[in-house]
Structures are given as structure tokens and as C-alpha cells.
Amino acid sequence: RGIIELLSEGFTLGAGGIVVMLALAIPAFQDTAGDWRAQGDFAVTFLDRYGNEIGQRGIIQRDSVPVDEMPDHVIKAVLATEDRRFFDHYGIDVLGLSRAIFENVRANSVVQGGSSITQQLAKNLFLSNERTFERKIKEAFLSLWLEANLPKREILKLYLDRAYMGGGTFGVEAASEFYFGKSVKDVSLAEAALLAGLFKAPARYAPHINLPAARARANEVLTNMVQAGFMTEGQVIGARRHPADIVERQATAGAPDYFLDWAFEQIKQAPLPPGERVLTVRTTI
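The rules behind each value
- The residue numbers shown here count from 1 along each chain, following its written sequence.
- Reporting of local features is limited, given that this is a predicted model, to residues whose pLDDT is at least 70; pairs of side-chain atoms are given and counted only at 80 or more, and all residues count toward the totals for whole chains, interfaces and linings.
- Note that water and hydrogens are dropped before the side-chain values are worked out from all heavy atoms of the structure.
- Residues belong to one nonpolar core when they are buried, are Ala, Val, Leu, Ile, Met, Phe, Trp, Tyr or Cys, and are joined through side-chain atoms within 4.5 Å.
- Remark: exposure states derive from per-residue accessible area (1.4 Å probe, protein chains only) relative to the maximum for the residue type, with buried under 20%, exposed over 50%, and partly exposed in between.
- Counting from the N terminus, the helices are DSSP H or I runs at least four residues long and the strands are E runs at least two residues long.
- Here, two residues are considered to be in contact whenever any of their heavy atoms come within 4.5 Å of each other.
- Pairs of N or O atoms are called polar contacts if they sit within 3.5 Å, as long as, within protein, a hydrogen donor faces a hydrogen acceptor (for residues adjacent in sequence, only side-chain-to-side-chain pairs).
- Note on method: axes are straight lines fitted to C-alpha atoms, helices fitted across the in-contact stretch only, with angles between N-to-C directions ranging 0 to 180 degrees.
- Between 65 and 115 degrees an angle is taken as roughly perpendicular, under 35 as roughly parallel, over 145 as roughly antiparallel, and anywhere else as oblique.
- Classification used: nonpolar for Ala, Val, Leu, Ile, Met, Phe, Trp, Tyr, Cys and Pro, charged for Asp, Glu, Lys and Arg, polar for all others including Gly.
- Strands pair, by our definition, only if DSSP identifies at least two bridges between them.

Student: I'd like to hear about the nonpolar core, residue by residue, with values.
Tutor: Proteins that are soluble and globular tend to have nonpolar side chains buried together. One finds L160 and L195 to be the most contacted residues of the largest nonpolar core, which totals 56 residues. Secondary structure elements with two or more residues in this core: α2 (72-82), α4 (117-126), α5 (133-149), α6 (152-162), α7 (172-180), α8 (189-196), α10 (211-227) and α11 (233-241). At 7 residues, α8 tops the list of elements feeding residues into this core. Excluding anything up to four places from it in sequence, L195 contacts M165, V172, A175, S176, Y179, F180, V184 and V187. If you look at the next biggest cluster of nonpolar residues, it comprises 12 residues, including L260, F264, I267 and V281.

Here it is in C-alpha cells:
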């Protein structure tokens with residue numbers, strides 16, 4: 001009788017929890033109606049207070065390369081750093097999340113993220129950067145929705161096309177052209193590691209702002225590839241000894257990247273007319 005009472009209470013609490021989570025998720029699913037792929041397709045030109053252009057942000061859809069045409073080491077570098085079990089989970093990597101929590105507790109700081117690539121894509125497509133319990137619930141449900149409606153390779157392609165990579169670039173193709181002056185189809189292992197290192201904190205690791213930090217981060221990516229079993233230490237030693245160089249870009253270092261990144265997020269959350277995606281915005285800079 002005691003066991004039955006315990007199971008009954010557990011079932012009641014579980015059912016109540018599911019109802020609460022579904023209630024939180026309903027607004028998120030409403031965002032999937034219509035042309036949800038184009039919801040984040042903003043192209044914004046920023047001006048200073050005197051009307052001079054100081055930067056751009058936004059997704060340029062022509063900057064897209066099919067996953068099958070990217071070098072194998074580009075995909076391996078991204079997966080090893082962002083989501084090693086991407087092809088094995090269904091949107092939420094429980095094992096990866098548990099590992100991240102353990103490592104963060106052991107280090108007494110945030111050293112690993114637990115969000116899968118699908119969760120990051122759900123946030124980029126539908127949600128803001130606010131850190132609330134409600135947003136995490138929406139993110140989880142939207143991740144499951146994406147996995148149910150899109151094949152894995154398309155999820156990966158959308159992620160690689162839409163992630164912010166620093167310097168006002170979105171997607172690995174645009175970032176490769178900006179930093180190396182060539183297509184992502186032609187990058188070396190060292191360059192692929194540098195690109196993969198930008199997903200975590202693009203403003204901090206952008207090589208045109210802080211090349212030593214970007215190279216140190218790229219070295220961590222190479223270590224991730226070895227630890228994940230994607231490559232051996234012998235295969236990455238050349239990339240460690242000869243880190244990536246970037247093309248010279250004048251006056252880029254003075255661009256207010258942190259401010260423009262913040263301003264771009266504000267624009268995406270502003271109440272704009274339907275279809276209003278190409279904007280020119282005056283700032284206080």
C-alpha cells in the first residue's frame with residue numbers, strides 16, 4: 001500500500017510537471033508557424049551619431065556551402081568542440097549535459113557548455129539570449145521539434161550558416177572569406193580549428209581583434225579533436241606548430257564589436273513591421 005501511495009504521488013507530480021512545461025512551450029511552438037527559417041534574416045547597417053557607417057550585422061544567404069562540400073576537418077573541428085554526440089542524440093544530449101555539469105562543478109567555474117548544436121540553433125532561430133528557466137524550457141521543446149522535422153545534416157548546415165563568427169560575419173563561409181580571404185572549402189586544419197573556436201565567444205576570440213587568443217583557442221579545438229577520437233595527435237601536430245594566419249584588414253580593430261553585437265540583439269527584439277529585415281540604424285557612438 002505504501003508503494004502504491006508513493007507511485008501515485010509521483011505520477012501526480014510528474015503529470016503536473018508535464019502540464020506546466022507544455023504551458024511554457026506553447027508560445028515557443030507558435031514561433032514555428034509560417035516562414036520560420038527567415039525569422040532571423042536581418043541585415044543591419046549601423047551608423048555613428050554623425051551618420052558615418054561603423055559596421056554591419058546580419059545573415060547573407062549567398063554565403064552558404066553545403067555540408068558535403070566542406071572539408072572533413074572543418075566538420076570534425078566543430079563537432080569535437082560544440083557537440084561530439086550530435087549524430088547520436090535527439091536534440092538534447094543528456095550524457096553531454098551531465099559531463100559538462102560534472103566538469104564545471106569540479107573546476108568551480110563554467111568550463112564546458114551543455115547545449116547541443118540543435119539547442120543552439122533553436123536559440124538562434126527563435127529565442128533571445130536571456131537566461132531564464134522559461135527560455136530553457138522553450139529551447140528544449142524547440143530542439144525536439146527541429147529534430148523531428150529536419151534531418152541532422154540540415155540542422156548542422158543551418159547552424160554553420162547562422163552562427164555569429166565575429167567581425168560582423170555570420171556563418172563559416174562568410175567568416176572564412178573575412179579572415180582568410182578564401183572559401184571554407186579551401187581552409188587548412190589550422191584554419192578550421194580557428195573557425196571552430198569562434199562559436200563559443202566570437203567577440204573574445206575574433207582573430208582580427210586578438211590573434212594570440214584566437215590561436216590559443218584553436219589549439220584547444222585541436223585537443224578536443226584528439227580527445228574525441230576524430231584525429232590523432234600526430235595528425236594535428238602540424239596545425240599546432242603552424243597556426244593559422246589571417247588577411248590584413250585595416251581599421252577593423254577599432255570597430256566597436258561588443259557594442260554592435262549588443263545593438264544587433266536589440267534590433268532583433270524590437271517591434272518591427274512584418275517583413276522589415278533590411279535596416280539602417282543610427283547609434284550613439
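Student: Outline the side chain of D161, listing residues and values.
Tutor: Here D161 is to be found in helix α6. Only 2.8 Å separates the side chain of D161 from the side chain of K157, close enough to count as a polar contact.

Student: Report on the packing of α2 against α10, specifying residues and quantitative values.
Tutor: Contact geometry for α2 and α10: axes closest at 8 Å, N-to-C directions at 90°. Between α2 and α10, the interaxial angle falls into the category roughly perpendicular. Together, H73, K76, A77, A80, T81 and E82 of α2 and R217, V221, N224 and M225 of α10 make up the contact between the two elements. The residue inventory of the contact of α2 with α10, partitioned by class, reads 4 nonpolar, 3 polar and 3 charged.

Student: So what about the sheet that holds strand β3 (residues 278-282)? Which residues, and what values?
Tutor: Across the sheet, which stays open at both edges, the 3 strands sit in the order β2-β1-β3 with mixed pairing between neighbours. One side of each edge strand has no neighbouring strand; the edge strands of this open sheet are β2 (53-58) and β3. The average angle at which neighbouring strand axes cross in this sheet is 20°, direction not considered. Looking at chain direction, strand β1 (residues 43-47) and β3 are connected through 5 bridges and run parallel. For A43, the partnering residue across the bridge sits in β3 and is V278. Packing against the sheet, helix α12 (residues 257-269) makes contact with β1, β2 and β3, and its axis sits at approximately 50° to β2.

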